Amino acid sequence: MAPSDPPSSHTKPPTVRNVKHVVLGDLFFRTWYQSIYPEDLVSKDTDRLYVCRYCFRYSCDVDRYAKHSRLCAHRSTPPGNKIYEHGGYSVWELDGEDHKLYAQNLSLFAKLFLDHKSVFFEVASFLYYLLVFTDPADPENYHILGFFSKEKLSWDANNLACILVFPPYQRKQLGKLLMGVSYKLSDWERDTGLIGGPEKPLSEMGRRSYSRFWEERIVRYLLLRGTDATGDLEETAQQKQTPSKASRKRSSSEVMTVQDIGLATGMLAEDVITALKGLGLMEPISPSKRRKTKTNEETVDKETVVLRMSKVSDWANVHHLSLRDPVRDDGFLGRWAPENIYARDSTSGDEGDGDEEEEEEEEDE
Ligand SMILES: [Zn+2]
């Protein structure tokens, strides 16, 4: 996802950093931004801060750090509940209210690599989702690779407040995994009828990462729509041919509204537009086509777009897009397990438009 260097310095003045480098477990790397560690514990010109890779407690003293690492209460398992697991990667959900110190220390550490989120230290009102990789040969040897946070009650329907893959683990598509999980959760929570997206404004790095994620999400939807293929299928040679096959079945260009695409993908209209522009698909509909189109006249407005399906397939080919969604439905566990989600949906039939939403969610796989 994010590039492994901070945004280029020509757009922003150089940042003063109170901590120059961190030691996280056996990794040593430089920081990008200032964090607000208490000055009595971390002086303004700390060259090396030792951070526990299990709980993010910190110290400038290597001996204290070594002693803590041996005794850390989270050595064998992260806090919270495992809600997702696939291919060695897992996501753990923890409540900032129940794990205040942990969430504060995680936030302090994350701030060393984030410049745009001014304050996210009111940890009690957030949920945290840790991305973890576990050594298959040693189930107790795990590494936290990054996380995202989410407001428990977001009036703006934000499905994500803050996201970070720690620098040594970047460029491995892990941000997309976290973003995919955040969209999955908000899709399943859509009882309120609100579609979600990340908190704005995005940083330069966040904007780049999200734009690509949204582009891939829409291309997958457009190419898999109407086929039996889902994001959970194994990627076989046959499936790799799906884009061209599927697009041949359809007309070469189609008229859709931004709203249709947003509902199908669980994305906000503004994010759909950003992605369509990035894909080069945002062509305004011509007046003659506008008259001919069968789309309901009321929805034929500025938000109607003509999608050239050949462009969509080309984009997928050029970018070697795997049609398999990086997040697998069958990887979710506990209250987020598909059987629990769908059982919950079927018992909530009296809650207005629940049925419609179920259909849309299924298309979204
Ligand atoms: Zn620890």
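From a predicted model like this one, the values you see are computed outputs, not experimental measurements. (Residues numbered from 1 in each chain as written. Predicted model: local features only at pLDDT ≥ 70, side-chain atom pairs only at ≥ 80, totals over all residues.)

Describing the environment of Pro-38
Our working definition: Helical segments are the DSSP runs of H or I of at least four residues, strand segments are the runs of E of at least two, and each set is numbered from the N terminus. The exposure scheme places C-beta atoms from the backbone and then counts, for each residue, the other C-beta atoms within 10 Å of its own, assigning buried at 20 or more, exposed at 12 or fewer, and partly exposed in between.
On the secondary structure map, Pro-38 appears in the loop between β2 (27-30) and β3 (46-51). Taking the number of C-beta atoms within 10 Å as the measure of exposure, Pro-38 has 8 and is therefore exposed. Along the primary structure Pro-38 and Leu-108 are separated by 70 residues, whereas in three dimensions their C-alpha atoms are 9.8 Å apart.

Considering the confidence of the model for the protein
To keep things clear, this is the line we draw: Values of pLDDT, which run from 0 to 100, indicate the predictor's confidence residue by residue. With C-beta atoms placed from the backbone, a contact is any residue pair whose C-beta atoms sit within 7 Å.
Per-residue confidence for the protein gives a mean pLDDT of 82; residues scoring 70 or more make up 76%. Every residue in residues 1-5 scores below 50 in pLDDT, and together they form 16 contacts with partners more than four places removed in sequence or on other chains. This model gives residues 349-365 a pLDDT under 50, and the stretch forms 23 contacts once residues within four places in sequence are excluded.

Observations regarding the UniProt feature "active site" (unreviewed entry) in the protein
Note the threshold: UniProt positions are given in the numbering used here, feature names are shortened, and annotations may be inferred rather than shown by experiment.
Here, the residues flagged by UniProt with the feature "active site" (unreviewed entry) are Glu-199. Locating Glu-199 in the fold gives a position in the loop between β11 (197-198) and α4 (204-224). Glu-199 has contacts with Asn-158, Leu-160 and Ala-161, leaving out every residue within four places of it along the chain.

Side note on the sheet that holds strand β7 (residues 126-134)
Quick reminder of the rule: The rule for pairing is simple: two strands pair if DSSP sees at least two bridges between them. Only the stretch in contact is used when fitting a helix axis, every axis being a line fitted to C-alpha atoms; angles between N-to-C directions are given from 0 to 180 degrees.
Within the open sheet, the five strands sit side by side as β5-β6-β7-β8-β10. Their pairing is antiparallel. Since the sheet does not close on itself, it has two edges, and those belong to β5 (81-86) and β10 (162-165), each with one partner. Pairwise comparison of adjacent strand axes, ignoring direction, gives a mean angle of 20° for this sheet. When strand β8 (residues 142-151) meets β10, the two strands line up antiparallel, connected through four bridges. Each bridged residue has a counterpart across the sheet, and for Phe-148 the counterpart in β10 is Ile-163. Contacts from helix α2 (residues 100-111) reach β7, β8 and β10 within the one sheet, and its direction differs from that of β7 by about 75°. Against the sheet, helix α3 (residues 174-188) touches β5, β6 (89-95), β7, β8 and β10, its axis set at about 40° to β8.

Quick look at the nonpolar core
We count it as follows: By our criterion, buried Ala, Val, Leu, Ile, Met, Phe, Trp, Tyr and Cys residues that link up through C-beta atoms within 7 Å make up a nonpolar core.
Ranked by size, the top nonpolar core spans 83 residues in total, and within it Val-51, Leu-130, Leu-131 and Leu-164 carry the most contacts. With nine residues, α4 is the largest single contributor of residues to this core. Not counting the four nearest positions on each side in its chain, Leu-131 is found in contact with Tyr-89, Val-91, Leu-145, Gly-146, Phe-147, Leu-174, Leu-177 and Leu-178.

Regarding the packing of α4 against helix α7 (residues 258-265)
Definition in use: If an angle is under 35 degrees, it is roughly parallel; if it is over 145, roughly antiparallel; if it lies from 65 to 115, roughly perpendicular; otherwise it is oblique. In this count, Pro and Cys sit with the nonpolar residues alongside Ala, Val, Leu, Ile, Met, Phe, Trp and Tyr, while Asp, Glu, Lys and Arg are called charged and the others, Gly among them, polar.
Two elements in contact, α4 and α7, have axes separated by 10 Å at closest approach and are oriented at 95°. The orientation of α4 with respect to α7, classified from their angle, is roughly perpendicular. Residues Arg-217, Ile-218 and Tyr-221 of α4 touch α7, and the partners they reach there are Ile-261, Ala-264 and Thr-265. Of the residues contributing to the contact of α4 with α7, the split by class is four nonpolar, one polar and one charged.

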